[in-house]
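Secondary and tertiary structure notes
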Amino acid sequence: MLKLGVPSKGRLMEQTFEWFGARGLTLARTGSDREYAGAVMGCEGVELVLLSAGEIPRELAAGRIHLGVTGSDLVRDRLADWPDQVAELAALGFGHADLILAVPACWVDVETLDDLDAAAAAFRRAHGFRLRIATKYHRLVREFLQDQGVADYQLVDSQGATEGTVKNLTAEAIADITSSGETLRANHLRILTGGLIHESQAMLFAARGADWTNGASEVLDHLLPVLGLTRPQGL
Ligand SMILES: Nc1ncnc2c1ncn2[C@@H]1O[C@H](COP(=O)(O)OP(=O)(O)OP(=O)(O)O)[C@@H](O)[C@H]1O
Ligand SMILES: O=P(O)(O)OC[C@H]1O[C@H](OP(=O)(O)OP(=O)(O)O)[C@H](O)[C@@H]1O
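What counts and how
- Residues numbered from 1 in each chain as written.
- Chains lettered and ligands numbered in written order.
- Predicted model: local features only at pLDDT ≥ 70, side-chain atom pairs only at ≥ 80, totals over all residues.
- Heavy atoms only, no water.
- Domains from an automatic or database assignment.
- Contact = heavy atoms within 4.5 Å.
- Buried area = accessible area lost by both parts, 1.4 Å probe.
- Salt bridge = Lys/Arg side-chain N within 4 Å of Asp/Glu carboxyl O.
- Polar contact = N/O pair within 3.5 Å; in protein donor to acceptor, adjacent residues only side chain to side chain.
- Helix = DSSP H or I, 4+ residues; strand = E, 2+ residues; numbered from the N terminus.
- Buried < 20%, exposed > 50% of the residue type's maximum accessible area, 1.4 Å probe, protein only.

Notes on the domain arrangement of the chain
As far as domains go, the chain holds domain 1 (2-96 + 202-227) and domain 2 (97-200). Measuring from the centre of the C-alpha atoms in domain 1 to the corresponding centre in domain 2 gives 32 Å. In this assembly, 11 residues from domain 1 lie in contact with 11 residues from domain 2. Carbon and sulfur atoms supply 43% of the area that domain 1 and domain 2 bury against each other, a total of about 940 Å² over both sides. Broken down residue by residue, the surface that domain 1 buries against domain 2 is led by Asp 73, Asp 77 and His 96, which jointly contribute 55%. In this assembly, domain 1 and domain 2 are joined by zero salt bridges. Inspection of the region where domain 1 meets domain 2 yields nine residue pairs in polar contact (both at pLDDT 80 or more).

As structure tokens, then:
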């Protein structure tokens, strides 16, 4: 059996089902509304595994699922050297969101990342601790700020309601995903010029380290043309 991991709820799940459905593969939740069980019709040998979008990168890396649908942001953030661990099979064209860096709208002198770097150094001198950036995207934010030459900051973990951390005085800036921009506006935050860290969308990934023997590889050979895809190199 080939195991296909998909998000277990919300719009990401619905749009994933629609994407496969449009290609003749029917994915469905089975059982009661609350039961995380699923079925696949239209291709023999595919087993549906319903998972949190945030856990799909780890399940791919561990080889517990062969294929998985999740955001490109989550794969890049959760997996070190992600291209060694997963192959991108397709961008699915939904789940678009931008991971951005934002500061309080009232920080009129802080427009760019250079400004942030200067403000961070001044902040440390004034307060005796580093400017705090709240995020759940630790790896992506660290790598981005390193590339941009911003060093005088600390990350504080925020797994939700991240835009509220500035008002709650637990952070001075945030890095989070935005789509309509309404949450940022409502919380009086402004995206820095040059503060786009990653443009995310939902993607179909394959696990390089999964067990592709016992028929899974043959199921993939059958599945890829159904989905209009080709096998990537090295898989
Ligand atoms: N407006 C949006 N709000 C939240 N996530 C979005 C939005 N648009 C796209 N996404 C994407 O959807 C995915 C959601 O991931 P998230 O970590 O919130 O899922 P999850 O772990 O399943 O959530 P939960 O912890 O609530 O179960 C990410 O890839 C994110 O980029
Ligand atoms: O730009 P917008 O359209 O306003 O959307 C962005 C918001 O949506 C997500 O939050 P979600 O509702 O998933 O909750 P979370 O705070 O738990 O991540 C994200 O973390 C932002 O807060």
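Some points on unusual backbone geometry
Residues other than glycine seldom take positive phi values, yet Asp 81 does so here, at roughly 50°. Here Asp 81 shows up in the loop between helix H3 (72-78) and helix H4 (82-85). Assessed through its relative accessible area of 55%, Asp 81 is described here as exposed.

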